[in-house]
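# Structural description and commentary
Residues per chain are reported as follows:
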Amino acid sequence: MKESWVALAWFALIMLLAAIPVFVIANHVIHRKSIVVSTIATVLGEVATIGFLMWYWKQRRVPLRLLGQVPPWIYLALPVIAFVQIILRSSLYYLHLPNWMENSFRQLEMQPWLAFLMLVVAAPILEEVLFRGILLNGLLRNYRPWVAIGQSALLFGVFHCNPVQTVSAGIMGLLLGWLFYRTQSLLLCIVLHALNNAVGLLGMLTHKANMVEPPHASAGSWVAYTILVVICGLLMAAFVLRVKQTTTPPALESDVDEAPALPEPEAILA
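Calculation criteria
Residues numbered from 1 in each chain as written. Predicted model: local features only at pLDDT ≥ 70, side-chain atom pairs only at ≥ 80, totals over all residues. Heavy atoms only, no water. Axes fitted to C-alpha atoms, helices over the stretch in contact; angles between N-to-C directions. Helix = DSSP H or I, 4+ residues; strand = E, 2+ residues; numbered from the N terminus. Left-handed = near helix turned anticlockwise from the far one by under 90°. Contact = heavy atoms within 4.5 Å. Nonpolar A, V, L, I, M, F, W, Y, C, P; charged D, E, K, R; others polar. Core = buried A, V, L, I, M, F, W, Y, C linked by side-chain atoms within 4.5 Å. Buried < 20%, exposed > 50% of the residue type's maximum accessible area, 1.4 Å probe, protein only. Salt bridge = Lys/Arg side-chain N within 4 Å of Asp/Glu carboxyl O. Patch = residues over 30% accessible without salt bridge, like charges linked within 9 Å, V, L, I, M, F, W, Y side chains within 5 Å. Areas by Shrake-Rupley, 256 points an atom, 1.4 Å probe, with all protein chains shown as cover. Phe/Tyr/Trp six-rings, centres within 6.5 Å; stacked < 30°, edge-to-face > 60°. Lys NZ or Arg CZ within 6 Å of the ring centre and 35° of its normal.

## Some points on the packing of helix H3 (residues 72-89) against helix H10 (residues 222-246)
Closest axis-to-axis distance for the H3/H10 pair is 9 Å, and the angle between their directions is 145°. Viewed along their axes, H3 and H10 form a crossing whose handedness is left-handed. In contact with Trp73, Ile74, Ala77, Ile81, Val84, Gln85, Ile87 and Leu88 of H3, H10 contributes Tyr225, Leu228, Val229, Cys232, Gly233, Leu235, Met236, Phe239, Arg242, Val243 and Thr246. Partitioning the contact of H3 with H10 into residue classes produces 15 nonpolar, three polar and one charged.

What follows is the structure, given as structure tokens:
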């Protein structure tokens with residue numbers, strides 16, 4: 001557990017180190033502040049973090065499992081499951097969690113091409129490689145499945161640093177982590193993550209004036225929304241049951257030659 005949080009601390013440190021040059025160049029060379037600059041800084045930070053963790057943990061010889069063993073029907077069901085889990089998570093609206101990044105999202109609305117590249121292409125690939133491909137893949141070798149999946153989902157939620165996203169992303173991280181455990185497919189997680197973000201982006205671009213509209217209002221009434229949630233719950237339960245019936249998670253052995261734990265980030269600052 002400690003090593004997982006140390007990895008997150010390393011991510012924060014590397015993000016900072018990667019972002020500073022971008023912001024310095026933007027502010028003092030081209031004199032520009034925008035969502036484009038923030039996006040470039042974020043992507044560079046994620047790429048640098050993935051590179052560092054892959055380099056540091058190469059002694060563990062834990063390969064990235066891209067394809068895994070996925071029954072074809074799961075890919076066919078993904079568009080439906082993406083919609084279903086979004087409807088189920090929409091109930092989090094009623095917690096009235098603060099949205100610290102509302103201004104950033106509104107700026108992204110003005111740059112549809114950038115929003116697509118960031119949310120539908122870059123984020124699913126980079127975040128799934130980091131949280132499922134590297135962190136969860138390693139955790140599964142040292143902890144029981146649900147402990148490992150829970151840790152990775154918690155880290156995934158905290159990573160977003162925005163209350164309204166943290167809870168929602170954490171819940172989605174449980175689904176993504178479980179699917180990775182059952183199928184060992186990083187591609188499956190990337191596709192579901194991309195579909196989720198694509199639906200969210202479509203909602204941002206087509207309902208700009210109603211970004212805070214309650215889910216029951218979008219459904220037409222409380223009755224319609226309740227029925228929709230129940231149906232989606234049943235569909236998700238059926239999906240989970242079918243996945244369990246058609247997949248077999250591999251026996252993940254613990255590392256024999258244990259690589260040294262990640263050093264604390266402050267160690268390099270001493």
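## So, the nonpolar core
Ile74, Phe131, Leu179, Leu192 and Phe239 are the most contacted members of the largest nonpolar core, which totals 41 residues. The set of elements that each furnish at least two residues to this core consists of H3, helix H5 (112-139), helix H6 (145-159), helix H7 (163-183), helix H8 (186-206) and H10. Looking at this core, the element that brings in the most residues is H5, giving nine residues. With residues up to four places along the chain from it excluded, the contact list for Leu179 reads Gln184, Leu188, Leu192, Phe239 and Val243. Within the second largest apolar cluster, 10 residues are counted, among which are Leu108, Leu114, Val120 and Ala194.

## Quick notes on the pattern of salt bridges
In this structure the tally under the stated criterion is one salt bridge. We note a salt bridge from Glu128 to Arg132, for which the minimum N-O separation is 2.7 Å. Of this pair, Glu128 and Arg132 both sit in helix H5, four residues apart, which is roughly one turn of that helix. Per residue, the accessibility class of Glu128 equals that of Arg132, and both read buried.

## Some thoughts on the packing of H6 against H7
At a closest axis distance of 7 Å, the pairing of H6 and H7 adopts a crossing angle of 145°. Viewed along their axes, H6 and H7 form a crossing whose handedness is right-handed. In this structure, H6 uses Pro145, Trp146, Ile149, Gly150, Ala153, Phe156, Gly157 and Val158 to contact H7, whose residues at the interface are Thr166, Ala169, Gly170, Gly173, Leu174, Gly177, Trp178 and Tyr181. Its residues assigned to classes, the contact of H6 with H7 comprises 10 nonpolar, six polar and no charged.

## Brief notes about a nonpolar patch on the surface
On the surface, Val80, Val223, Ile227, Ile231 and Leu235 cluster together into a nonpolar patch covering about 440 Å² of accessible area. When residues of the nonpolar patch are assigned to their parent elements, the largest contribution, four residues, is made by H10. Take Ile227: its relative accessible area is 47%, and that puts it in the partly exposed class.

## Concerning the packing of aromatic side chains
For the structure shown, the criterion picks out seven aromatic pairs. Summarising the aromatic geometry, the rings of Tyr94 and Trp222 are spaced 5.2 Å apart at their centres and angled 35° between planes, so their arrangement reads as tilted. Here the residue Tyr94 occupies a position in the loop between H3 and helix H4 (102-109), and Trp222 occupies one in helix H10, the gap between them amounting to 128 residues. Under the relative-accessibility criterion, Tyr94 is labelled partly exposed at 27%. A relative accessible area of 46% means that Trp222 is categorised as partly exposed. Measuring from centroid to centroid gives 5.3 Å for Phe131 and Phe156, while their planes differ by 70°, and the two rings are edge-to-face. Linking Phe131 in helix H5 with Phe156 in helix H6, this pair joins segments that are 25 residues apart in sequence. An aromatic cluster is present here, built from Tyr93, Tyr94, Trp222 and Tyr225 joined pairwise through their rings. Over the ring of Phe156 we find Arg132; its NZ or CZ atom is 4.4 Å from the centre of that ring.

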